[in-house]
Amino acid sequence: MRGPHVGRFAPSPTGPLHAGSLVAALASWLDARAHGGRWLVRIEDVDAPRCVPGAAEEVLRQLERCGLVSDEKPLVQSTRGAAYAEALARLRAAGRVFDCACTRREVGDGPYPGTCRHGLHGKPARAVRLLMQGDDGRDVAIDWTDRRLGPQNQNVTREVGDVVLRRADGLWAYQLAVVVDDAFQGITDVVRGEDLADNTPRQIHLQRALGLPTPRYLHTPLVLAADGLKLSKQNGAAPLDLADPVAALQAAAAVLGLPPVTAATPPEWLAAAVRAWAARWVA
Ligand SMILES: [Zn+2]
């Protein structure tokens, strides 16, 4: 039997929430509440150069205006370095990681070619990479099931390659931080945008390498920009207009395929939306 449901929303504080990030926040909140579970917010600020001072506080204020409040003090990844170092040390002791001396140009755009798997030949170590290979030296194929997208499969050895866990600039990579923190926070259900579905198999491989449980996954539809690409700060997503938070919630719910709800306040709207979510997603 599964324990209590714990969901999470994990924004990067690179700017205020936009329509797409509200969809992920709302979906994860509705899923947690529909299961009678807890909902946690995690600030994913490991990529410090991309973070904007004050953005985390603004995101939390925007969420609160929509009635979405973390059940615990938000976990901030920039305070978690010791945990990431401990995880990396365990992986190293198990022979699951290796130092890499390659420059970005040497690696190119495709999966890492495995250059440094068997030593650096005197070159200085730059990054640390996860060995994306089975103990028997065979390819690793990850089978997993998304609650919305159904059965998925990826050969992470060939399609992803040895991902970086600690970057050449000394920063922790997103993949390591996510996996360590999902386990630390006891996350049972990851609900996030479909653009991250492709990251799931490599995260499952890393969970297994660390002996951590694999949560269930539900990847939501994305809000697309006028050019058909995923809405993001990079293609000019406007910050959310929260003058009318109920209207913003309703727009996010429409992306999730939920029926319209009539309500005067966010709490009232959320209570009705939880019932609609439960009807669709809770077995
Ligand atoms: Zn290398």
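Residues numbered from 1 in each chain as written. Predicted model: local features only at pLDDT ≥ 70, side-chain atom pairs only at ≥ 80, totals over all residues.

1. Observations regarding the overall build of the protein chain
The secondary structure content of the protein chain amounts to 9 helices and 10 strands. Computed over C-alpha atoms, the radius of gyration of the protein chain comes to 20 Å, within 12% of the 19 Å expected from 2.2 N^0.38 for 283 residues, which places it in the range of a compact globule. Each of the three principal axes of the protein chain carries a C-alpha extent, and together these read 65 × 40 × 35 Å. Considering only intrachain contacts with a sequence separation of at least 6, the fraction spanning at least 24 residues in the protein chain is 75%. (Helix = DSSP H or I, 4+ residues; strand = E, 2+ residues; numbered from the N terminus. Rg over C-alpha atoms; globule rule 2.2 N^0.38 Å. Contact = placed C-beta atoms within 7 Å.)

2. Describing the packing of helix 6 (residues 174–184) against helix 7 (residues 200–210)
The N-to-C vectors of helix 6 and helix 7 enclose an angle of 60°; their axes lie 10 Å apart at closest approach. Taken together, helix 6 and helix 7 sit at an angle that is classed as oblique. You can see that helix 6 and helix 7 cross each other, and the crossing is right-handed. Residues Gln175, Val178 and Val179 of helix 6 form the contact with helix 7, whose own contacting residues are Arg202, Gln203, Leu206, Gln207 and Leu210. Here the residues of the contact of helix 6 with helix 7 are counted per class, giving 4 nonpolar, 3 polar and 1 charged. (Axes fitted to C-alpha atoms, helices over the stretch in contact; angles between N-to-C directions. Parallel < 35°, antiparallel > 145°, perpendicular 65-115°, else oblique. Left-handed = near helix turned anticlockwise from the far one by under 90°. Nonpolar A, V, L, I, M, F, W, Y, C, P; charged D, E, K, R; others polar.)

3. Here we look at the domain arrangement of the protein chain
Looking at the assigned domains, one finds that the protein chain contains domain 1 (6–79 + 185–281) and domain 2 (81–166). Just the C-alpha atoms count here: the centres of domain 1 and domain 2 sit 27 Å apart. Listed by partner, the interface residues are 14 residues for domain 1 and 17 residues for domain 2. Every element with two or more residues in the side of domain 1 that touches domain 2 is listed here: helix 7 and strand 10 (216–220). The element that contributes the greatest number of residues to the side of domain 1 that touches domain 2 is helix 7, accounting for 8 residues. (Domains from an automatic or database assignment.)

4. Here we look at the sheet that holds strand 8 (residues 164–166)
Here we have 3 strands laid out as an open sheet, ordered 4-5-8, and antiparallel in their pairing. One side of each edge strand has no neighbouring strand; the edge strands of this open sheet are strand 4 (97–100) and strand 8. Averaged over all pairs of adjacent strands, the angle between strand axes in this sheet comes to 40°, irrespective of strand direction. As paired strands, strand 4 and strand 5 (residues 127–130) are joined by 4 bridges and run antiparallel to one another. Residue Asp99 lies in a different strand from strand 5, and its bridge partner there is Val128. Against the sheet, helix 3 (residues 81–93) contacts strand 4, strand 5 and strand 8, and its axis sits at roughly 100° relative to strand 4. (Pairing = 2+ DSSP bridges.)

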